[in-house]
Amino acid sequence: MKVLVMNCGSSSLKYQLIDSVSEAVLAKGLCERIGIDGRLTHKPTGKDSVAIEADMPSHKAAVSLVLSHLTDPVCGVIRDLSEIEAVGHRVVHGGEKFARSVVLNGEVIAEVEKCNELAPLHNPANLIGINACQELMPGVPMVAVFDTAFHQTMPKKAYLYGLPYEYYEKYKVRRYGFHGTSHSYVSKRVPEILNRDGASLKTIVCHLGNGSSICAVDGGQSVDTSMGFTPLEGLVMGTRSGDLDPAVLEYIAGKEGLDVGGVVNVLNKKSGVQGISGVSSDFRDLDTASREGNERAAAALDIFCYRVAKYVGSYAAAMNGVDVIAFTAGIGENDANVRAEVCAYLGYLGIAIDGEANRCRGEEKVISTADSKVTVMVVPTNEELAIARETVALVQ
Ligand code: AMP
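Let me sum up the structure you'll find in this document. (Residues numbered from 1 in each chain as written. Predicted model: local features only at pLDDT ≥ 70, side-chain atom pairs only at ≥ 80, totals over all residues. Heavy atoms only, no water.)

Overview of the packing of aromatic side chains
Here the structure, examined in full by the defined rule, presents eight aromatic pairs. A ring pair is formed by Tyr 165 and Tyr 168, whose centres lie 5.5 Å apart and whose planes are at 65°; its orientation type is edge-to-face. Of this pair, Tyr 165 and Tyr 168 both sit in helix H5 (residues 165-171), three residues apart, which is roughly one turn of that helix. By relative accessible area, which is 14% here, Tyr 168 ends up buried. Arranged with centres 4.6 Å apart and planes meeting at 70°, the rings of Phe 283 and Phe 304 form a pair that is edge-to-face. Residue Phe 283 is located in helix H10 (residues 283-291), and its partner Phe 304 is located in helix H11 (residues 295-318); the two are separated by 21 residues in the primary sequence. (Phe/Tyr/Trp six-rings, centres within 6.5 Å; stacked < 30°, edge-to-face > 60°. Helix = DSSP H or I, 4+ residues; strand = E, 2+ residues; numbered from the N terminus. Buried < 20%, exposed > 50% of the residue type's maximum accessible area, 1.4 Å probe, protein only.)

Next up, the structure:
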């Protein structure tokens, strides 16, 4: 079955066409600047890439362009749209309603709309993409795969904030967690790679990318994760502050003449390693700057690793032990220094890293020594493949 995986943002759209039998990517691409002017980058596997400027006044126009490139005689990979048998959509927020992926119908869409308030930047864009696909591919079954769903197994002690309970009841204020598709994919892959029984495995997944989160997975279920009501909580990220004393909001608002929304915007977009270093949110730039003697870049890297190590320690405590720590996403898969720095804090857990193995990049690999008490691994994430698998499982 050929499955189209869609990830719609407010002005962008990422897609992959995946053959569910071979799990090969047939084509992938990106539409940018939707509603502004429009740019499409289309990469058919085994053929030359195409990059064009094209008018994209709406998401429907963008989806239409994607479909015409997928079926194009030169850069296409299928003869006819009828070859696309299902579409899997990434949806950021499923609230408490969706603990797993679901086939999209009118009722489901109405329920997803109710979650818009919880993710006002993301869910409406996801829904626009869903509507555009439904209009252009009528009758093709479509599935919503939620970033939050995997974490719905968290117990109350992990998801409730220390706030008046009525805010949870009235406004659904609680911790939801994100990156669920990635945490789920990696935590399932770990026992497969190690040939161990996942049901008895305590794993801590460190998804370290531009957005970063950590997840404690006990017997295949998420029991805690570092992102919260929004993706702002937890680790220090590319541009997000992560955990913070909330009183800082009022203080900065007063000093800078900002309202709460203005400060939250700073916490989301101008903070994290970018804000600390003043150099970049990209770890490659920070590494270069740090080697050149930039103290703030060095501090940003230290702060990032320290926070990751603290979360790993707290999740080892939460699960009363840890068998596997898995690093994934852009930084986790590529940055050997970050992995080594984080693990250096974890010697008390009996962790020992094999320096040679840790030099790997973007491949599945055990990076701990044979006598390390905890297995440390790199497991590249593949959210698109996870979405395609979920989609096939639900429509077949
Ligand atoms: P992601 O959000 O998972 O796509 O990760 C993107 C981030 O990964 C970038 O902003 C970089 O900070 C980091 N990254 C990507 N490649 C490398 C690399 N080779 N070395 C270090 N960090 C990297």
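Additional details are given in the paragraphs that follow.
Remarks on helix H1 (residues 59-70)
With 12 residues, H1 should cover 16 Å at 1.5 Å per step; its first-to-last C-alpha distance of 16 Å lies within 8% of that length. Turning to H1, its buried residues number three or more, namely His 59, Ala 62, Val 63, Leu 65, Val 66, Leu 67, His 69 and Leu 70. (Expected span 1.5 Å × (residues − 1).)

Things to note about the pattern of salt bridges
Under the defined criterion, the tally for this structure stands at 17 salt bridges. Of the charged contacts in the structure, one is a salt bridge between Glu 135 and Lys 60, with a shortest N-O distance of 2.7 Å. Of this pair, Glu 135 sits in helix H3 (residues 123-136) while Lys 60 is found in helix H1, placing the two residues 75 residues apart along the sequence. In this structure, Arg 189 and Glu 364 form a salt bridge, with 2.7 Å as the shortest nitrogen-oxygen distance. Separated by 175 residues along the polypeptide, Arg 189 in helix H6 (residues 180-194) and Glu 364 in the loop between helix H13 (336-344) and strand E13 (365-366) bring together distant segments of the chain. With a relative accessible area of 22%, Arg 189 lands in the partly exposed category. Connected through salt bridges with shared partners, the residues Glu 32, Arg 39 and Glu 53 form a single ionic network. (Salt bridge = Lys/Arg side-chain N within 4 Å of Asp/Glu carboxyl O.)

Side note on the nonpolar core
Counting residues in hydrophobic clusters, the biggest one holds 39 residues, and the most contacted among them are Leu 4, Leu 13, Leu 70, Ile 84 and Met 137. When contributions to this core are tallied by element, the ones reaching two or more residues are strand E1 (2-8), strand E2 (13-19), strand E3 (24-32), H1, strand E6 (84-91), helix H2 (106-114), H3 and strand E8 (142-146). Sort the elements by how many residues they give to this core and H1 lands first, with six residues. Ranked by size, the runner-up nonpolar core spans 38 residues in total, among them Val 273, Phe 283, Leu 301 and Ile 325. (Core = buried A, V, L, I, M, F, W, Y, C linked by side-chain atoms within 4.5 Å.)

Describing unusual backbone geometry
Of note, Arg 33 is a non-glycine position whose phi angle comes to about 60°, a positive value. Summarising the element assignment, Arg 33 is placed in the loop between E3 and strand E4 (39-44). The exposure class assigned to Arg 33 is partly exposed, which follows from its relative accessible area of 33%. We note that Lys 172 has phi near 65°; this positive angle belongs to a residue other than glycine. Relative to the helices and strands, Lys 172 resides in the loop between H5 and H6. Relative accessible area serves as the criterion here: at 44%, Lys 172 is assigned to the partly exposed category.

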